[in-house]
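# Topology and contacts: notes
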Amino acid sequence: MNREDMLARLIAQAETEGCELVTLRAIVEEACDLGAARVLTRMGLADQGAHEDLVQLRELLRAWRDVKSSAWKAAVGWIVRGVLALLLLGIAVRLNLGNVMP
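The rules behind these values
- Residues numbered from 1 in each chain as written.
- Predicted model: local features only at pLDDT ≥ 70, side-chain atom pairs only at ≥ 80, totals over all residues.
- Heavy atoms only, no water.
- Helix = DSSP H or I, 4+ residues; strand = E, 2+ residues; numbered from the N terminus.
- Rg over C-alpha atoms; globule rule 2.2 N^0.38 Å.
- Buried < 20%, exposed > 50% of the residue type's maximum accessible area, 1.4 Å probe, protein only.
- Areas by Shrake-Rupley, 256 points an atom, 1.4 Å probe, with all protein chains shown as cover.
- Lys, Arg positive; Asp, Glu negative; His and termini not counted.
- Charge placed at Lys NZ, Arg CZ, Asp CG, Glu CD.
- Contact = heavy atoms within 4.5 Å.
- Phe/Tyr/Trp six-rings, centres within 6.5 Å; stacked < 30°, edge-to-face > 60°.
- Lys NZ or Arg CZ within 6 Å of the ring centre and 35° of its normal.
- Patch = residues over 30% accessible without salt bridge, like charges linked within 9 Å, V, L, I, M, F, W, Y side chains within 5 Å.
- Salt bridge = Lys/Arg side-chain N within 4 Å of Asp/Glu carboxyl O.
- Expected span 1.5 Å × (residues − 1).
- Core = buried A, V, L, I, M, F, W, Y, C linked by side-chain atoms within 4.5 Å.
- pLDDT = per-residue confidence, 0-100.

## Digging into the overall build of the chain
For the chain, the helix and strand inventory stands at three helices and zero strands. For the chain, the N- to C-terminal ordering of α and β elements is α-α-α. Against the 2.2 N^0.38 benchmark of 13 Å for 102 residues, the chain shows a C-alpha radius of gyration of 33 Å, more extended than a compact globule. Expressed as a percentage of its 102 residues, the buried residues of the chain come to 10%. As displayed, the chain has an accessible area near 9,000 Å², and 64% of this comes from carbon and sulfur atoms. Between the centroid of the 12 positive side chains of the chain and the centroid of its 13 negative side chains there is a distance of 20 Å.

Here you go:
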C-alpha cells in the first residue's frame, strides 16, 4: 500500500467512523510524509545518491564561505598595510626625511 492509498483510507475512515484524535494525527502524518516525498521528487532528491549529493553541496558551501572569509581578511589586511605605508610616507615627507640620504 502506498502513501496515497493510506491517506485516502484514513480520510474515508474519518468520514465514516468520525474523527478521533489518533485518526486525525495519522492523517496529518501521512499527508506530511506524502508532501515531503513530492517535494523531494520535484527537487530531484528522491534517488539513492541524494544524501551524498547534499553532503557534497554542504562541504562545497562551507569551503566557499571559508574562502570568502579568508579573502575579506586578506583584503582588509592589505588595505590596512597600504594606509599605514601612506601614513609613514606622509610623516617622512613632513619631517623632510627624504633629504637625509646623500
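Next, the rest of the story.
## Side note on the side chain of Glu30
Here Glu30 lies in helix α2 (residues 21–43). Among all residues touching Glu30, those that are not within four sequence positions of it are Arg3, Met6, Leu7 and Leu10.

## Structural notes on the packing of aromatic side chains
Counted by the stated rule, this structure contains zero aromatic pairs. Over the ring of Trp78 we find Arg81; its NZ or CZ atom is 5.4 Å from the centre of that ring.

## Structural notes on a nonpolar patch on the surface
On the surface, Trp72, Val76, Val80, Leu84, Leu87, Leu88, Ile91, Leu95 and Leu97 cluster together into a nonpolar patch covering about 920 Å² of accessible area. Relative to the helices and strands, Leu87 is located in helix α3 (residues 50–94).

## Description of α2
With 23 residues, α2 should cover 33 Å at 1.5 Å per step; its first-to-last C-alpha distance of 33 Å lies within 8% of that length. Along α2, the residues classified as buried are Thr23, Ile27, Glu30 and Leu34. In this structure, the buried residues of α2 make contact with α1 (3–17). Within two residues after α2, Gly44 carries a phi angle of roughly 80°, on the positive side.

## Overview of the nonpolar core
Listed in full, the five residues of the largest apolar core are Leu7, Leu10, Ala14, Ile27 and Leu34. Contributing elements (two or more residues each) for this core: α1 and α2. Sort the elements by how many residues they give to this core and α1 lands first, with three residues. What Ile27 contacts, discounting residues up to four positions off in sequence, is Leu7, Leu10, Ile11 and Ala14.

## Some words on the confidence of the model for the chain
In low-pLDDT regions, the fine details of the predicted coordinates are not to be read closely. On average, residues of the chain score 86 in pLDDT, and 94% of them reach the 70 mark or higher. Within the chain, the element-level pLDDT minimum falls on α1, averaging 77, and the maximum on α3, averaging 94.

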